[in-house]
Amino acid sequence: MELLTEIVGPYWIQIFQHACIVAVSALGLNVIFGYTGLFSLGHAAFYGVGAYTAALLMKEFAGENGDAGFLVSQSVFLGSLLAGGGAAALMAWLVGLPVLRLTSDYLGVATLGFGVIMKVLFDNADAFLPQLGGARGMTGIPRMTSLPWVVLALTAAVLVVRNVVHSTYGRVLVAIREDEVAAGAMGIDTYRYKAIGFTLGCSFAGVAGGLYAHLYCFLHPSSFDFFKSFDLLMIVVLGGLGSMTGTLVASFGWIFLLEGLRVFLPPEYLEFRWVLIPVLLVVTMLLRPQGLFGVRELPFLRSRV
Amino acid sequence: MEYFLQQALNGLQLGLVYALIALGYTMVYGIVRLINFAHGDVFMVGSFLAYYAIERYALPLPAVFGAAVVGCAVLAVVIERVAYRPLRNAPRIASLITAIGVSLFLEYFTALNQLFGPNFRAFPRPFRVVSVQAGGIEFTNLLGIILAVTVVCLLALQHIVYRTRVGRGMRAVSYDHVTAGLMGVNVDAVISFTFGLGAAFAGVGGVLYGIAYPQIHTFMGIMPGLKAFTAAVLGGIGSVPGAVLGALIMGQSETMTAAYLSSTYRDGIAFLILIGVLLWKPTGILGSPRTEKV
């Protein structure tokens with residue numbers, strides 16, 4: 001462990017952890033958009049709900065420095081992460097109740113609107129809960145996220161998505177994506193299954209948000225605005241909708257490209273970073289409209305049937 | 001009461017500018033079913049072209065409008081040709097992603113020092129703002145000009161869509177672009193024209209926005225773009241009167257929230273209204289319901 005940090009440096013370890021977290025969140029969006037076909041432009045809002053919930057609980061129950069003893073603080077952390085995921089899921093279910101009646105682009109616009117509303121709420125959160133910090137940001141979050149935690153979370157996320165997608169539930173979700181009316185005619189309660197897919201995907205975002213909060217130890221509403229939702233959407237589409245492999249590759253590629261350019265571009269050209277990235281994005285999309293991986297998967301992620 | 005009416009006028013001014021931007025969103029969506037996220041940035045470019053036309057070349061006002069309109073139209077036609085046309089038969093999400101890409105590119109590329117630069121700039125007023133007091137309410141010539149220009153633009157659009165050959169092509173393509181092509185409509189040309197026309201209105205909006213809210217920077221297009229797009233959806237995307245109605249509602253909701261509640265809740269209330277309206281009428285206020293078939 002120390003040897004690894006020695007070789008690649010703590011900075012790149014942190015970037016790797018961030019990439020794992022983004023991958024967890026993106027896998028959630030892939031369940032929502034890639035497998036169920038629900039156009040969601042508000043994923044970062046659920047990420048934020050998870051982040052704030054987990055950070056608040058952690059500060060409340062483990063103290064600012066997490067000095068409650070190793071085992072206690074780690075178990076409180078696990079509890080906070082799960083609570084973050086649960087809060088995001090609950091929020092998704094409540095929002096989904098009315099919003100999932102909408103279809104295609106209208107659903108996208110409604111979730112985008114939800115994202116903007118949540119950003120406004122995060123900005124004004126200090127009015128009702130001063131610990132959340134509002135527009136000044138939330139500080140004093142203990143640094144709990146470590147390499148084992150993110151790897152564990154990503155592995156769990158991949159396994160859950162794989163098993164759900166290849167289960168009967170997954171088949172139903174894909175059927176809804178392919179044709180909602182036909183799926184309904186086959187006797188599927190499409191609304192219920194859409195709510196299940198949406199809630200499941202958002203709970204991933206919540207857990208990822210909790211990990212993010214305890215990685216950088218600082219939360220700011222601008223980390224959860226609609227641009228971040230767009231980032232996740234780009235990752236999922238670039239990888240290939242309905243491909244777990246694609247989402248994983250695109251998440252790591254995206255984060256390492258962003259950071260890599262920061263390191264490898266000469267300082268006087270640093271502002272060209274965000275000129276190059278959109279160009280790459282557009283060119284990739286023009287060359288591979290179905291995403292890098294299409295719907296292909298690595299062997300261990302394929303259906304065994 | 002005076003305060004309320006004054007705020008209503010401010011909201012009207014903002015809403016009219018949103019309406020000009022919303023036209024481009026609604027026309028493009030109506031014809032190719034694409035949420036053109038780059039439209040807000042085309043609007044920004046319009047503002048900057050006007051800025052240079054006034055500040056550096058001291059052009060008269062009509063020429064300022066001309067520069068912004070032509071510049072934006074050309075830009076939009078190029079964007080459509082490069083980033084959207086090759087993907088017209090790909091999954092719809094692909095062109096949405098390139099739209100986001102083009103939007104980011106325009107924002108960061110124009111923010112380079114070699115172009116517009118990353119700083120805020122004060123937009124020079126091309127004419128003096130005169131205000132008249134009547135019944136405790138202040139009317140400015142600025143509002144008059146914005147109102148007049150917007151109405152002229154709307155009449156021109158109405159004329160183009162319903163009284164010209166290319167307008168008939170636009171209606172045909174938006175109805176069914178394959179069949180329209182079979183009937184001899186040059187689909188590519190019509191779509192290019194639609195992008196150009198929408199961007200021309202955004203250019204006009206950019207000039208007016210610069211004059212009315214005289215501080216511009218390369219990221220200024222994001223929020224107005226998002227609001228105008230929301231307005232188009234609110235009114236029923238694809239419908240021109242809907243876009244105008246939606247924009248006026250957005251302008252009022254934003255101004256009234258800032259005036260009576262708190263400006264920090266401004267964006268939230270606007271979107272709350274949007275979600276409420278969508279739940280009540282899923283295709284917007286004036287949108288026609290679309291049936292989904294197997």
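Fair warning: this is a prediction, and the values are worked out from it, not measured in the lab. (Residues numbered from 1 in each chain as written. Chains lettered and ligands numbered in written order. Predicted model: local features only at pLDDT ≥ 70, side-chain atom pairs only at ≥ 80, totals over all residues. Heavy atoms only, no water.)

**Student:** Please explain the overall build of chain B as it appears in this structure.
**Tutor:** On a plain count of helices and strands, chain B comes out with 11 helices and 4 strands. Relative to the 2.2 N^0.38 estimate, which gives 19 Å for 294 residues, the radius of gyration of chain B is 19 Å and therefore close to what a compact globule would have. The principal-axis extent of the C-alpha atoms belonging to chain B is close to 60 × 45 × 35 Å. Buried positions account for 55% of the 294 residues belonging to chain B. A sequence separation of at least 24 residues applies to 74% of the contacts in chain B between residues at least 6 apart. Roughly 12600 Å² of accessible area belongs to chain B as shown, and the carbon and sulfur atoms make up 64% of that amount. Computing the positive centroid from 18 side-chain charges and the negative centroid from 11, chain B places the two 9 Å apart. (Helix = DSSP H or I, 4+ residues; strand = E, 2+ residues; numbered from the N terminus. Rg over C-alpha atoms; globule rule 2.2 N^0.38 Å. Buried < 20%, exposed > 50% of the residue type's maximum accessible area, 1.4 Å probe, protein only. Contact = heavy atoms within 4.5 Å. Areas by Shrake-Rupley, 256 points an atom, 1.4 Å probe, with all protein chains shown as cover. Lys, Arg positive; Asp, Glu negative; His and termini not counted. Charge placed at Lys NZ, Arg CZ, Asp CG, Glu CD.)

**Student:** Would you mind going over the side chain of Thr218 of chain B with me for this structure?
**Tutor:** Residue and element names in this part refer to chain B. Its location among the elements puts Thr218 in the loop between strand E4 (215–216) and helix H9 (222–235). Judged by relative accessible area, Thr218 falls into the buried class, the value being 0%. Within the structure, the side chain of Thr218 is placed 3.5 Å from the backbone oxygen of Glu107, a separation counted as a polar contact. Excluding its chain neighbours within four sequence positions, the residues that come into contact with Thr218 are Met44, Phe48, Glu107, Thr110, Ala111, Phe116 and Gly117. (Polar contact = N/O pair within 3.5 Å; in protein donor to acceptor, adjacent residues only side chain to side chain.)

**Student:** When you look at the interface of chain B and chain A in this model, what are you seeing that I'm missing?
**Tutor:** Much of the literature gives interface size as the accessible area that the parts lose upon coming together. Contact with chain B, which involves 45 residues of that partner, is made by 40 residues of chain A. Taken together, the two surfaces of chain B and chain A that pack against each other cover about 3800 Å², and 83% of this comes from carbon and sulfur. Where chain B packs against chain A, one counts 1 salt bridge. Close ionic contact of Arg92 of chain B with Asp105 of chain A constitutes a salt bridge, the shortest N to O distance being 3.0 Å. At the boundary of chain B and chain A, one finds 3 residue pairs in polar contact (both at pLDDT 80 or more). Looking at the side of chain B that touches chain A, the elements that each hand over two or more residues are helix H3 (61–84), helix H4 (92–110), H9 and helix H11 (266–280) of chain B. Tallying contributions element by element places H4 of chain B first for the side of chain B that touches chain A, with 13 residues. Of the residues that constitute the side of chain B that touches chain A, the class distribution is 35 nonpolar, 6 polar and 4 charged. (Buried area = accessible area lost by both parts, 1.4 Å probe. Salt bridge = Lys/Arg side-chain N within 4 Å of Asp/Glu carboxyl O. Nonpolar A, V, L, I, M, F, W, Y, C, P; charged D, E, K, R; others polar.)

**Student:** Teacher, can you tell me more about the environment of Gly133 of chain A here?
**Tutor:** All names here are of chain A. Of note, Gly133 is situated in the loop between helix H4 (104–123) and helix H5 (147–165). On the basis of relative accessibility, which here comes to 5%, the residue Gly133 falls in the buried class. For the pair Gly133 and His220, spaced 87 residues apart in sequence, the C-alpha to C-alpha distance is 8.4 Å.

The values reported here are purely geometric and, on their own, carry no functional implication.
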